[in-house]
Each structure stands twice: as C-alpha cells, then as structure tokens.
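Spelled out, the chains give:
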Amino acid sequence: MKKAVIISGAGSGIGRATALEFSQQGYFVYLLGRNKERLEEVAQECRSGARRYGCDLNNSQQIQKTCEDIISQQDTDVQVLINNAGVYERNDGFTGGLETWRKQFETNLFGAIELTQRVFPIFKKRGGGSIVNVSSTLGLKTAAQVSAYSASKAAMNSWSQSLALEGGEHKIRVNCVCPGIVDTPIHEFNKLKGASKEKVLNSMSSLQPLGSIGTPEQVAKAIFFLAGDNSPWTTGAVLAVDGGINLV
Ligand SMILES: NC(=O)c1ccc[n+]([C@@H]2O[C@H](COP(=O)([O-])OP(=O)(O)OC[C@H]3O[C@@H](n4cnc5c(N)ncnc54)[C@H](OP(=O)(O)O)[C@@H]3O)[C@@H](O)[C@H]2O)c1
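These figures come from a predicted structure and were not determined experimentally. (Residues numbered from 1 in each chain as written. Predicted model: local features only at pLDDT ≥ 70, side-chain atom pairs only at ≥ 80, totals over all residues. Heavy atoms only, no water.)

Q: Sorry, what's going on with the site of the ligand here?
A: Around the ligand sit 30 residues, and of these Arg34, Asn84, Tyr149, Thr184 and His187 come closest. A distance of 2.9 Å separates an oxygen atom of the ligand from a polar side-chain atom of lysine 153. Between an oxygen atom of the ligand and a main-chain N or O atom of glycine 180, the distance comes to 3.2 Å. Contributing elements (two or more residues each) for the shell around the ligand: helix H1 (13-24) and helix H5 (147-167). Taken together, the residues of the shell around the ligand sort by class into 12 nonpolar, 14 polar and 4 charged. (Near = heavy atom within 4 Å. Polar contact = N/O pair within 3.5 Å; in protein donor to acceptor, adjacent residues only side chain to side chain. Helix = DSSP H or I, 4+ residues; strand = E, 2+ residues; numbered from the N terminus. Nonpolar A, V, L, I, M, F, W, Y, C, P; charged D, E, K, R; others polar.)

Shown next as structure tokens:
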C-alpha cells in the first residue's frame, strides 16, 4: 500500500506547496478544495499519484462523502492529515458584523474539526497517524483589525493541543504550524505584478527580523517535518514559521 496524505485547500498557496513536498517524498496525495481546475493542475504535478476531491469544508455532506471515498480506496495507507484550508478577512472588532466571524470560524476551525473527526477512524484503525494544522502567527499574537481571523487561529492552536492530549493513546500526533506573512493568493498583494508588487514586498520584508516575507515552499518544509517520520516524539507543538515576526 502506498503511504498517503490528505491535504485541505490543496489547490493553491501553502496547500499546493505542501502537496508537492509530500509527493516528492513519495506520498500519494488526496487533494481537497472547492476549485476543481486548480486541484487538477496540482494533481498533474504530483509525481507519486494524487486524487482530487471537490470538497467545501462548509458542507458536511461533502466532507462525509469525500472521506468515505478515501476510506474505500484499498491501495493507500493514509498516515497524515493536513488541515490547511483557510480564509482571511479583516474586520473591525467593535463594529464589524458577525458574518465575517462566522465565515472564518466555519472554515478555519469548524471545517478542520469536521474533517479531522471524519479522518479519525482511519487513524484509529491503522493504529496511529499524524495531523498538522495550519494556523497563523496571528493566532499567537494578534493585531488590530483582524480579531475574527486571529481568534479562529488561536482557537485552532488550543484545539490542536487538546487533540494532542487525547490522541496520545491512539498514537496520533497533532501539531500546528503558524506561518507569518507568506506570498499566496490569500493576500491582495499577491495579484500585483512588477514594480508595484516589488514595492509592497520590500516594505513588508523589513517587518521580519530575517528581512523577508515567506514562500509557500518554506512553510511546506516545516509542515512536512512535523507531519512525518522526522518528528516521532513531537506532539502539541505550535511552531512559528514566520521570519521572526512573532517576536517584534
Ligand atoms: N499566506 C499567509 O500569509 C498565511 C499566514 C498565516 C496563515 N496562513 C494560513 O495558511 C493556510 C493556507 O492559506 P494560503 O496562504 O496558502 O492561501 P490560499 O492560497 O488562498 O489557500 C487557501 C486555501 O483554502 C481553500 N479554502 C478556502 N475556503 C475553503 C472551503 N470553504 N472549503 C475548502 N477549501 C477552502 C482554498 O481552496 P478553494 O478556493 O479551492 O476552496 C485555498 O486553496 C490558511 O489556513 C491560512 O489562514 C496563511
């Protein structure tokens, strides 16, 4: 049986880079997301095999159907789950409506919880597994105008550590990666081109002690480290991968 990983939000940014990292390391990759065309493009790039699922994490039926199909695949051994899908919206904590709170909690937290609960029987049956939740430095240290996003990621950090406590007896490790500012489609600046993009990147780079914003590939390496065989005794870790921005 081929070792396999399930990755949510695998069609772009950090999820795509993580899919390619696992694929390079010989994993079959189950790619989850809403945009099937982008997932198909990533599937074509995965050299060790991939299968894509149109799966909206706000839709319980789609999560259930996706996991049932993955469980029915006899030729893969799912060892890892990466809860990566997420949305980011700014909001004013005093005046912003509850809609953006609901949207970000529904996807960033409840979607991850539901997917994890559906994958849990796979890990229980095989006697272990590894989960990496993609959180954010904003879950460690908040900023103005992002209270809903920050709170959803702080909750994710806490939930991950609760799962790490409960997962021990099942040999399930649960860890979090907290990226800082990474150049992905989640940010408006990602769509800029040429000199205007360079200007934005330069101004943001100086915010990090290491002097640059991150790439999806740099975060993917940390996710792979926490997920795989290189960290067999690590659980409940909340790892900042952020050029040091969390410290300033
Ligand atoms: N980039 C950063 O600076 C940064 C910093 C800290 C944390 N993060 C976290 O990193 C993770 C990945 O984000 P990214 O930066 O790589 O941005 P991205 O390219 O926009 O990726 C987000 C992914 O989430 C998926 N997604 C969103 N809503 C979904 C839903 N309802 N159901 C299923 N999939 C959904 C999207 O796929 P579809 O559109 O196909 O559904 C997309 O592929 C997120 O959790 C984000 O909060 C990013």
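Q: Explanation requested: the side chain of threonine 66 in the structure shown.
A: For threonine 66, the position within the fold is in helix H3 (residues 60-72). Exposure remark for threonine 66: the relative accessible area of 5% places this residue in the buried category. Setting aside chain neighbours within four positions, we find threonine 66 in contact with Leu32, Tyr53, Gly54 and Cys55. (Buried < 20%, exposed > 50% of the residue type's maximum accessible area, 1.4 Å probe, protein only. Contact = heavy atoms within 4.5 Å.)

Q: In this structure, what is going on with the packing of aromatic side chains? I would like to understand it.
A: The relative placement of two aromatic rings is captured by the distance of their centres and the angle of their planes. Tallying each qualifying case throughout the model produces 8 aromatic pairs. Ring centres of phenylalanine 22 and phenylalanine 224 lie 4.8 Å apart, and the angle between their planes is 70°; on these two criteria the pair is classed as edge-to-face. Here phenylalanine 22 is found in helix H1, whereas its partner phenylalanine 224 is found in helix H7 (residues 216-227), with 202 residues between them in sequence. The class of phenylalanine 224 is buried, set by a relative accessible area of 13%. With a centroid separation of 5.0 Å and 65° between ring planes, the pair formed by phenylalanine 28 and tyrosine 30 is classed as edge-to-face. Comparing phenylalanine 28 with tyrosine 30 shows no difference in burial state: the two are buried. (Phe/Tyr/Trp six-rings, centres within 6.5 Å; stacked < 30°, edge-to-face > 60°.)

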